[in-house]
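This is what each chain is made of:
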Amino acid sequence: MFILWWIIVGLIAGWLTGKIMRGAGYGVIGDIIVGIIGALIGGFIMRQIGFAGEGGMIYTILVAVFGAVLLTVIIRTLRRV
């Protein structure tokens, strides 16, 4: 069940990141992967600045989108180099 939750949050975060960042997306699977990795990155950053990981579904999606946007910026920057 936990893996299903990660996939759902990853899908939502990846889709929202695609809408926020504009441009060519990574496809459905790519967006899910970016969303899941973004959730991990966002969660790590939020824990480092002192926010607890307890906030429910909306908090989880917002943190995942934050991380996915950051990851997308990094990926696009590295592709230019």
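Sequence order as written defines residue numbering, which begins from 1 separately in each chain. Where totals are concerned, whole chains, interfaces and linings use all residues; where local detail is concerned, this predicted model gives features only for residues with pLDDT of at least 70, and gives and counts side-chain atom pairs only at 80 or more. Processing note: side-chain calculations cover all non-hydrogen atoms of the structure and skip hydrogens and water entirely.

*Asks:* Please set out the overall build of the protein chain residue by residue, giving values where relevant.
*Replies:* A helix here means a DSSP run of H or I that spans at least four residues, while a strand means a run of E at least two residues long, and both kinds are numbered starting from the N terminus. If you tally the helices and strands in the protein chain, you get three helices and zero strands. Ordered by position in the sequence, the α and β elements of the protein chain form the string α-α-α. Summarising its shape, the C-alpha atoms of the protein chain cover approximately 35 × 30 × 20 Å along the three principal directions. Counting only residues that meet the buried cut, the protein chain has 30% of its 81 residues in that class. Using a 1.4 Å probe on the protein chains alone, a residue whose accessible area is under 20% of its type maximum counts as buried, one over 50% counts as exposed, and one in between counts as partly exposed.

*Asks:* Go over the side chain of threonine 72 with me, naming the residues and quoting the values.
*Replies:* By secondary structure assignment, the location of threonine 72 is in helix H3 (residues 56-80). Residues are treated as being in contact if the distance between any of their heavy atoms lies within 4.5 Å. If we skip the residues at most four places from it in the chain, threonine 72 touches Thr17, Met21, Tyr26 and Val34.

*Asks:* Give a description of the packing of helix H1 (residues 2-21) against H3 that names residues and reports values.
*Replies:* Look at H1 against H3: their axes get within 8 Å of each other, and the N-to-C directions meet at 55 degrees. Classified by the angle their axes make, H1 and H3 are oblique. By crossing handedness, the relation of H1 to H3 is classed as right-handed. Contacts between H1 and H3 pair Trp5, Val9, Ile12, Ala13, Leu16, Thr17, Ile20 and Met21 from the former with Met57, Thr60, Ile61, Ala64, Val65, Ala68, Val69, Thr72, Val73 and Arg76 from the latter. Residues that form the contact of H1 with H3 fall into these classes: 14 nonpolar, three polar and one charged. Simply put, an axis is a line fit to the C-alpha atoms, just over the touching stretch for a helix, and the angle between two N-to-C directions goes from 0 to 180 degrees. Angles below 35 degrees are treated as roughly parallel, those above 145 as roughly antiparallel, those between 65 and 115 as roughly perpendicular, and all remaining angles as oblique. Helix crossings fall into two classes, left-handed where the near helix is turned counterclockwise from the far one by less than a right angle and right-handed where it is turned clockwise. Side-chain classes are defined by residue name, with Ala, Val, Leu, Ile, Met, Phe, Trp, Tyr, Cys and Pro counting as nonpolar, Asp, Glu, Lys and Arg as charged, and the others, Gly among them, as polar.

*Asks:* Residue-level account of the nonpolar core, with values.
*Replies:* As used in this record, nonpolar core signifies buried Ala, Val, Leu, Ile, Met, Phe, Trp, Tyr and Cys residues forming a set joined through side-chain atoms within 4.5 Å. The biggest cluster of nonpolar side chains holds six residues, and these are Val9, Ala13, Ile61, Ala64, Val65 and Val69. At the level of secondary structure, the elements contributing two or more residues to this core comprise H1 and H3. Take this core: its biggest share by element is four residues, from H3. Those residues in contact with valine 69 that lie beyond four places of it in its chain are Thr17, Ile20 and Met21.

*Asks:* Talk me through the packing of helix H2 (residues 27-48) against H3; I want residue IDs and the actual numbers.
*Replies:* Contact geometry of H2 with H3 gives a least axis separation of 6 Å together with a crossing angle of 105 degrees. It follows that H2 is roughly perpendicular to H3 by the angle criterion. When H2 is examined against H3, the residues Val34, Gly35, Ile37, Gly38, Ala39, Ile41, Gly42, Gly43, Ile45 and Met46 are found in contact with a partner set consisting of Tyr59, Val63, Ala64, Phe66, Gly67, Ala68, Leu70, Leu71 and Thr72. Taken together, the residues of the contact of H2 with H3 sort by class into 13 nonpolar, six polar and no charged.

Read these as spatial facts, not as claims about activity.
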